[in-house]
Each structure stands twice: as C-alpha cells, then as structure tokens.
Amino acid sequence: MTDELTPETPDEDEQPIKQRKNGLYPGVSDELAENMKSGWADTELRDLEPIEQAPNAARRRAALSARFPGERLVIPAGNLKTRSNDTEYPFRASTEYVYLTGDQTDDSVLVLEPTGDAHEATLYRLPRSNRENGEFWLNGMGELWVGRRHSLQEAEALLGIPCKDVRELADALKEATGPVRVVRGHDAGIEAALTDKVTAERDEELRVHLSEARAVKDEFEIGELQKAVDSTVRGFEDVVKVLDKAEATSERYIEGTFFLRARVEGNDIGYGSICAAGPHATTLHWVRNNGEVRSGELLLLDAGVETHTLYTADVTRTLPINGRYTDLQRKIYDAVYEAQEAGIAAVKPGAAYRDFHDAAQRVLAEKLVEWGLVDGPVERVLDLGLQRRWTLHGTGHMLGLDVHDCAAARTEHYVNGTLEPGMVLTVEPGLYFQADDLTVPEEYRGIGVRIEDDILVTADGNRNLSAGLPRRSDEVEAWMAGLLGGK
C-alpha cells in the first residue's frame, strides 16, 4: 500500500501540504502544485439513467414523510471505520440510508426537510475532489488515492434526489429549528451538530419505524433476494467441489472458496461465513474457521452472498464431508429435516409469526423424547423448554438488507405479529450435541446439524427461494456425488 502525502481534508483556499509523519517527500514545490492543477480531461458523465431502485426508494421516502409530518428527518450513510492506524474497513452504508436512497456512498446524509404536509429530500454528499487546491492528489481521501466518485450532478441523475455538498451540512443543522429526528449510530459529526435538538426517544421511534417498514418486501427486493440466494447456491456447489483441498488445509479453504463467489457475483458476504466442521458445528456462530476438516465428519456451512444492492441470502446445509452420512448422522439430520418441513408448512399469510418456530420445536422435542435423551411427555418438554439444551436458538428471523432484518421492530409487529405476503424469513431448526455433554450417549457428542432456507410468504402460502439446494439426506448425497464426479 502506497504512502500518500497528507491524510487531512484541506480548506478550499489553502494548499494542503501537511505531511504524513515519516513521508518521503519534504513538501510540494510551487511548480509541482501548479502543474497538478491543469491538463486533466473532462470526465463528467452525462445522460445518466436513474438506478433501478430509484422509484422504490422514492415511494419509501414518501411513506416516511407521511409518518412524520412537519419534522426534519436526518438519515446518515455512515463513515469509514479504522481497521488499524491509517487503514479502514470496507465501507457498508447504513441499512436505513440504503433503503431510502439506493445509494451506498460513505459520509453521505439524506435529509428530509418539512414543507407543509410533505417533505423535500436532499442528499448531502462529497463532491468531486478539488483540483485547484490539490485536494484530489494530496488528501488521503482524494480521488487520486481512493478512486473517482460521482459529481453532485451525476448523483442527482442516478438517484433522483437533489444533491448538495455534505461539508456544509453540519453547520446548517446547527442552525436548524423545529423538531428533528436522526438515525443514530452512524455519523458522530452529524449527531454532534444535532445534540441539542433531538431526543433518544424520538430518534428511536424513527429507527423502529424504518425497521418495521422493511418487513414487507416489494418486487425489486424479492428479485434481489432471489439473486442473492442463487449466487449462494453456486457458492455451496463451489465448496463441495473443493472439500478435498479443505481436508488438506482447514475450514479457511471453505471460507475463502465461498467468499470468492460472493465477491465475483455480489458485493460481499452478507455476514461472517460459518464453516464449521466436526464438533465446531455445535458452536452456533463459529466464524474462526481455523479447524480441521476430516472425512467421516459433518460440515455445517451457514453462508450468504450479499448482492450489489446489499440484499443478503442466509442459507445453511450440513454436509457429510466424505459424501455419505453415517447411520447416526442421518438419523439426526433427518430429524432436523422433518422439523424444518413442519416449520416451512406453517409459513403462510395470516399465520402467527411464531407458528413456524413452534411447529419445528415440537418435532424436535418428539425426537428427543423418542431417543430417550429427555423424559416426556412432549408437552412437558415444550412447556419447560427442556428441548432447548439441544435446539438452542429460535427457528428463524426476517431477512433483507440485514441478515437479521427488521431487528428494531416492536415485538408486537415482529415475533408476536402476523405473517403477510411479501415477508421473507429463514426457517432453520437445528440439533446440537456438545462435545462435552455427558447427558447424551458418547456417539452423539460433537454432532451439530442445521438446515436453513429462505422463505417468501406468498398470497397462498410460501415459496422456498433456496429450493435450488437439496435438503433431504439422500438428495444431498446424490447432489454431492454429482458435483464430485467420482472423486
């Protein structure tokens, strides 16, 4: 990584010549500064068409405006976060900002200014780097270092929102009057400018509303989720084809293989991939991915591709590393499959959100009683939650721009709510027998199984978006055999 001359943003009328400590150049000569001002082609992009989600984002802003009439609403994209010293993590814009704009640019802020009974939207962004004062090549965030960004005029054409320079926003907000709400946690500078104008309670109402608004997906969102799932299916196929290489190295080979698919076909992975082989499958969020991959054991792969528009899949399969389940592995796997089938069948419009969880948990409780691992009857087990020693987690969650989408929604609108067409959720029961669990027979210990699919609620039931991946144990084995081609 090269060493730029200055990490600071210059003033418009000040030549930025401040050095990074231990930089190799002592300064900038007047001749070089003058030379760098000219001789650059006009790269302005013209005749740009709006991005595909622009009309959807406009409808969402209109609905938000109707919910908070007469109030100024401030929704930041967020800032870069330091990874170490002067390097940053890859930027991921806030979900609320993306939902309302379709944009993903760091340091940007959407402001809805009240105008009578409606609002006027303005997007505050960084303009193109200034070449007159040297910002574009002397500043660490200048375009010569980090790449070209859209001009304000280009952004207006793409997003359908008037754009202004974000560097003017903090001062403008300090002078603002009237009620204001801001989505917190993304831009400390913007929050500081509003510190005497907002309250935590009112801001939380805004965040909760935007979370609940995302519960029912429109056709664009459903299409993006299907793209995410389709890429994820291909990522799972990629992993199966290299299981021999993973055996020779570690779970990291699986992680890297899936990540390649996510970066080639999407923006990124939607969350840290869980590539849990052997007893690691009993750790729900095993993301260290540094363990051994051994023939005869199971691989629990929980991973999802995030599309370029930031919608993510969330799929899990538990695969026999050598392509064949043992009798005990198959027994446990088939129990989880039966529970998932019951859960998916309960997903339909008008059903209580909890129904699919309850249906899956009942099947798993029945199996645990049948196997003699817990004393029945089943109703007693469910009433006391005794099955949770081995089922551990809820059977699913909402899915969308966040892998755990709509998380800030009120309980009565989420887990105590009712399913509607357009909602997308995961159904993911599991059984996990910890390696040190002395309450189960020794042969069970270290086996973890989860099966997870992404389910769209439709007008007459549901559709499994991830049906492209086999689920039944015999189908999984046949699928793997076909991919391995006799390896």
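Everything below is about the structure printed above this text.
Please read all numbers here as calculations on a predicted model, not as lab measurements. (Residues numbered from 1 in each chain as written. Predicted model: local features only at pLDDT ≥ 70, side-chain atom pairs only at ≥ 80, totals over all residues. Heavy atoms only, no water.)

Novice: Got a sec to walk through the packing of helix H13 (residues 327–345) against helix H14 (residues 355–370)? Specific residues and values, please.
Specialist: At a minimum axis separation of 7 Å, H13 and H14 run at an interaxial angle of 155°. Considered as vectors, H13 and H14 are oriented roughly antiparallel to each other. Crossing of H13 against H14: the hand is right-handed. Mapping the contact onto sequence places Ala 335, Val 336, Glu 338, Ala 339, Ala 342 and Gly 343 in H13 and Phe 356, Ala 359, Ala 360, Val 363, Leu 364 and Lys 367 in H14. For the contact of H13 with H14, a count of residues per class yields nine nonpolar, one polar and two charged. (Axes fitted to C-alpha atoms, helices over the stretch in contact; angles between N-to-C directions. Helix = DSSP H or I, 4+ residues; strand = E, 2+ residues; numbered from the N terminus. Parallel < 35°, antiparallel > 145°, perpendicular 65-115°, else oblique. Left-handed = near helix turned anticlockwise from the far one by under 90°. Contact = heavy atoms within 4.5 Å. Nonpolar A, V, L, I, M, F, W, Y, C, P; charged D, E, K, R; others polar.)

Novice: Account for unusual backbone geometry, with residues named and values stated.
Specialist: Negative phi values dominate among residues other than glycine, just as trans dominates among peptide bonds. In the segment running from Gly 376 into Pro 377, the intervening peptide bond is cis, with an omega of 5°. In this structure, Pro 377 sits in the loop between H14 and helix H15 (378–384). One non-glycine residue with positive phi stands out, namely Asn 289, at about 50°. The topology assignment puts Asn 289 in the loop between strand E9 (274–277) and strand E10 (298–303). According to the relative accessible area criterion, Asn 289 is buried, its value standing at 0%. With a phi angle near 60°, Cys 406 is a residue other than glycine that sits in the positive phi range. Position of Cys 406 relative to the elements: it lies in the loop between helix H16 (388–391) and strand E13 (424–427). (Buried < 20%, exposed > 50% of the residue type's maximum accessible area, 1.4 Å probe, protein only.)

Novice: Mind laying out the environment of Val 239, listing which residues take part and the relevant values?
Specialist: In this fold, Val 239 is placed in helix H10 (residues 219–241). As a C-alpha pair, Val 239 and Tyr 253 span 14 residues in sequence and 8.6 Å in three-dimensional space. Filtering out sequence-adjacent residues up to four positions away, Val 239 remains in contact with Ile 254, Thr 257, Phe 258, Leu 299 and Leu 301.

Novice: Could you give an account of the environment of Asp 86, with specific residues and numbers?
Specialist: Topologically, Asp 86 is positioned in the loop between strand E2 (82–84) and strand E3 (87–88). A relative accessible area of 30% means that Asp 86 is categorised as partly exposed. Here Asn 85 takes part through its side chain, which lies 3.5 Å from a polar atom of the side chain of Asp 86. (Polar contact = N/O pair within 3.5 Å; in protein donor to acceptor, adjacent residues only side chain to side chain.)

Novice: If you had to explain the pattern of salt bridges to someone new, which residues and values would you point to?
Specialist: Pairing between side chains of opposite charge can happen when the charged atoms of each approach one another. Within the structure shown, the criterion is met by 39 salt bridges. The partner of Arg 261 in a salt bridge is Asp 238, and the shortest N-O contact between them spans 2.7 Å. Taken together, the positions of Arg 261 in helix H12 (residues 251–265) and Asp 238 in helix H10 put the pair 23 residues apart, joining distant regions of the chain. What makes Asp 238 buried here is its relative accessible area of 17%. Asp 474 serves as the salt-bridge partner of Arg 472, at 2.8 Å between the closest nitrogen and oxygen. In this structure Arg 472 comes out as partly exposed when scored by relative accessible area, which is 35%. A relative accessible area of 39% places Asp 474 in the partly exposed class. (Salt bridge = Lys/Arg side-chain N within 4 Å of Asp/Glu carboxyl O.)

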